[in-house]
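Spelled out from the first residue to the last, the chains are:
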Amino acid sequence: MKILTLESTCDETAAAIVEASDTGNSEIGVLASVVASQTELHVEFKGVVPEIAARAHVERILPVIQRVVEESGIELKDLDAIAVANTPGLSGSLLVGLMAAKSLCLGLDKPLLAVNHLQAHIYACQLESQESIYPCVGMIVSGGHSHLYRFRDALDAEYLGGTIDDAAGEAFDKVATMLGLPYPGGPEVSRVAQSGDETAWSFPRSFIHEDRLDFSFSGLKTAVRYAIAGPGKTDFASVTLDDQQVADLAASFQAAVVDCLVTKALQAVRQTGLKQLCVGGGVAANRRFRGQLTEACKEANVLLHIAPSQFCTDNAVMGAIAVERYRAGLFESLDLDIHPGLVRVPHQR
Ligand code: KG4
Ligand code: ZN
């Protein structure tokens, strides 16, 4: 089967064409993949502006589809189905992808498949693994999400816990702004942290000594703000930091986030008794996180799968999870809707 997958949940407009056998567990081939980033549109706002993102998707979705078809060497009529991420994400952004997918289905008389964006982030790990990555603990750490799930299989995820305020990537982005670093902040904080002393500041690590599988990064964010502006003060914008101060703050902040993420991931594995841990999402590209998690999993004898770096941030190749739905006969009617906030509920099966 050949499937066109569309991804427009946040601020990347992406399309991919993947190929797999109709049954069985054979490898999934990627015929083409295109990602049109909108970063330059959101830089001045230091975060994704939903309305701008939706309008940009409208402009980009058709050229992106056209390009991916050209690069794949196949024609639209050769497709067996169209898949689209319809949950979770920004409403306006999700709608653009869904409408494009439905229009193609209608025009080409092809079946429609739904993709859960969070399940897809975990499926990115499957694309590199010869063995099944399921059952596993799945951890999604991105700009919009920091969640832990028990995955019984690719399409069956039970919510275990997650952030009660900011997502990890969101915290990286906001702290980057406080440190005068450009958006998106994750890669920038990670870069400057390399020359910093992570013991320079002792930042809070929420819930780290508790059993609950939750995260909170808002206290950490406030602690960084006080560290810059002075105790009890919040006006960080008028403070000038030298390069070493920025590096030390970045390194100490990153160490706190990574400690929380690694601790909770390992707790989730222990509490569920599962043997595999799979991690996806933009923050999974963080080198310090990858390194510390790899060490911790080795020590705890846990089989770790981290999504390949190019498939950590949003892309449509991870939408290859649609292959599983195709094989299971889980096709959608053209009534399919978006579900922007569906994080705790198992996806439609
Ligand atoms: O998965 P993603 O592309 O989009 C969402 O679904 O949110 O993740 C984007 C997030 C941003 O917050 C970005 O700052 C963060 O991932 N990120 C990183 C790194 N690369 C991207 N955070 C920390 N370290 C990185 N190297
Ligand atoms: Zn994502």
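In case you missed it, the structure is sitting above this.
Residue indices begin from 1 for each chain and proceed along its sequence in written order. Chain labels run from A onward and ligand labels from 1 onward, assigned in the order the entries are written. Note on the predicted model: pLDDT of at least 70 is required for a residue's local features to be given, and 80 or more for side-chain atom pairs to be given and counted; whole-chain, interface and lining totals, by contrast, use all residues. Remark: hydrogens and water are excluded; side-chain values derive from all non-hydrogen atoms of the structure.

S.K.: Any chance you could break down empty space enclosed by the protein for me, citing the residues and the numbers?
M.R.: Grid points spaced at 1 Å and placed over the protein atoms alone form the basis of the search, with a cavity being a set where a 1.4 Å probe fits but cannot get out and a pocket an open set showing protein on both sides within 12 Å along at least five of seven lines. Lining residues have an atom within 4 Å of a point. Grid points are joined across faces, edges and corners, and a volume is the space filled by probe spheres set on the points. Throughout the structure, instances matching the rule amount to two cavities of 30 Å³ or more. Within this model, the second largest cavity holds a volume of roughly 50 Å³. Within the residue set of the lining of the second largest cavity, elements represented by two or more residues are β1 (2-7) and α4 (117-126). Each helix is a run of DSSP H or I of at least 4 residues and each strand a run of E of at least 2, with the numbering of both proceeding from the N terminus. Of all the elements, β1 adds the most residues to the lining of the second largest cavity, at three residues. Only Asp, Glu, Lys and Arg are considered charged in this grouping, and only Ala, Val, Leu, Ile, Met, Phe, Trp, Tyr, Cys and Pro are considered nonpolar; every other residue, Gly among them, is considered polar. Per-class residue counts for the lining of the second largest cavity are six nonpolar, four polar and one charged.

S.K.: Outline the sheet that holds strand β9 (residues 276-280), supporting the account with residue identities and numerical values.
M.R.: Strands sit in the order β8-β7-β6-β9-β10 across an open sheet of five strands; the sheet is mixed. Among the strands making up the open sheet, the edge pair consists of β8 (156-162) and β10 (303-306). Averaged over neighbouring strand pairs, the angle between their axes works out to 25° when direction is ignored. Strands pair, by our definition, only if DSSP identifies at least two bridges between them. The pairing of strand β6 (residues 136-141) with strand β7 (residues 146-153) spans six bridges and is antiparallel. The residue bridging Ile 140 from the neighbouring strand is His 147, located in β7. In what follows, residue pairs with any heavy atoms lying within 4.5 Å of each other are defined as contacts. Each axis is a line fitted through C-alpha atoms, and for a helix only the stretch in contact is used; angles between axes span 0 to 180 degrees, taken between their N-to-C directions. Helix-sheet contacts for helix α8 (residues 243-272) involve β6, β7, β8 and β9, and the interaxial angle to β6 is about 155°.

S.K.: Any chance you could break down unusual backbone geometry for me, citing the residues and the numbers?
M.R.: The omega torsion across Thr 87 and Pro 88 is -25°, close enough to zero to call that bond cis. Along the polypeptide, Pro 88 turns up in the loop between β4 (81-87) and α3 (91-108). For the bond running from Tyr 134 to Pro 135, omega is -5°, close enough to zero to count as cis. You can see Pro 135 is positioned in the loop between α4 and β6. Phi at Phe 207 takes a positive value of approximately 60°, unusual for a residue other than glycine.

S.K.: Break down the site of ligand 1 for me, with residues and values.
M.R.: In the vicinity of ligand 1, 19 residues are found, and the nearest of them are Gly 143, Asp 173, Gly 282, Asn 286 and Asp 314. For the purposes of these results, a polar contact is taken to be a pair of N or O atoms within 3.5 Å, where, inside protein, one atom must be able to donate a hydrogen and its partner to accept one; residues adjacent in sequence count only when each atom of the pair is a side-chain atom. Here an oxygen atom of ligand 1 and a side-chain polar atom of Ser 142 are 3.4 Å apart. Within the contact set of ligand 1, an oxygen atom lies 3.0 Å away from a backbone nitrogen or oxygen of Gly 282. Shrake-Rupley sampling with a 1.4 Å probe provides the accessible areas, and residues are treated as covered by the protein chains on show and by no other component. Within the complex, 90% of the 560 Å² of free accessible area of ligand 1 lies under protein. With respect to the pocket detection grid, ligand 1 is positioned in the largest pocket. Breaking the shell around ligand 1 down by element, the ones donating at least two residues are α4, α5 (168-178) and α6 (185-193). Nearness of a residue to a molecule or strand requires only that one of the residue's heavy atoms be within 4 Å of it. To be counted as sitting in a cavity or pocket, a molecule needs more than half of its atoms within 2 Å of that site's grid points.

S.K.: Describe the coordination of the zinc ion (ligand 2), naming the residues involved and giving the relevant values.
M.R.: Every protein donor of the zinc ion (ligand 2) is accounted for by His 117 (NE2), His 121 (NE2) and Asp 314 (OD), and the metal-donor separations fall at 2.0 to 2.2 Å. Water is absent from the atoms considered, so a metal site may look incomplete; donors are defined as N, O and S atoms within 2.8 Å of the metal, or 3.2 Å for Na, K and Ca. Square planar and octahedral sites, with four and six donors, are those where opposite donors lie more than 155 degrees apart and all other angles lie between 65 and 115, tetrahedral sites have four donors with every angle between 85 and 135 degrees, and the rest are irregular. Viewed at the metal, the four donor atoms of the zinc ion (ligand 2) are separated by angles of 93 to 146°, and the geometry they form is irregular. Here the donor residues of the zinc ion (ligand 2) share one chain and are spaced in sequence as H-x3-H-x192-D. Of the two residues, His 117 and His 121 are both situated in helix α4; the distance of four residues between them amounts to about one turn of the helix. Under the scheme applied here, a residue whose accessible area is under 20% of the maximum for its type counts as buried, over 50% as exposed, and between as partly exposed, the area being computed with a 1.4 Å probe on protein chains only. Given the relative accessible area of 4%, His 117 is considered buried. Judged by relative accessible area, which is 0%, His 121 ranks as buried.

S.K.: Kindly report on the pattern of salt bridges, identifying the contributing residues and their values.
M.R.: Only one rule defines a salt bridge in this text: a Lys or Arg side-chain nitrogen within 4 Å of an Asp or Glu carboxyl oxygen. Counted according to the given criterion, the structure contains 17 salt bridges. As a salt-bridge pair, Arg 152 and Glu 158 come within 2.6 Å of each other at their nearest N and O atoms. A salt bridge links Glu 170 to Lys 174; the shortest N-O distance between them is 3.1 Å. A residue pair is termed a helical-turn pair when its members lie 3 or 4 positions apart in one helix, as Glu 170 and Lys 174 do in helix α5 at four residues. Residue Lys 174 is classed as partly exposed on the basis of its relative accessible area, which comes to 33%.

Keep in mind these values describe shape, not function.
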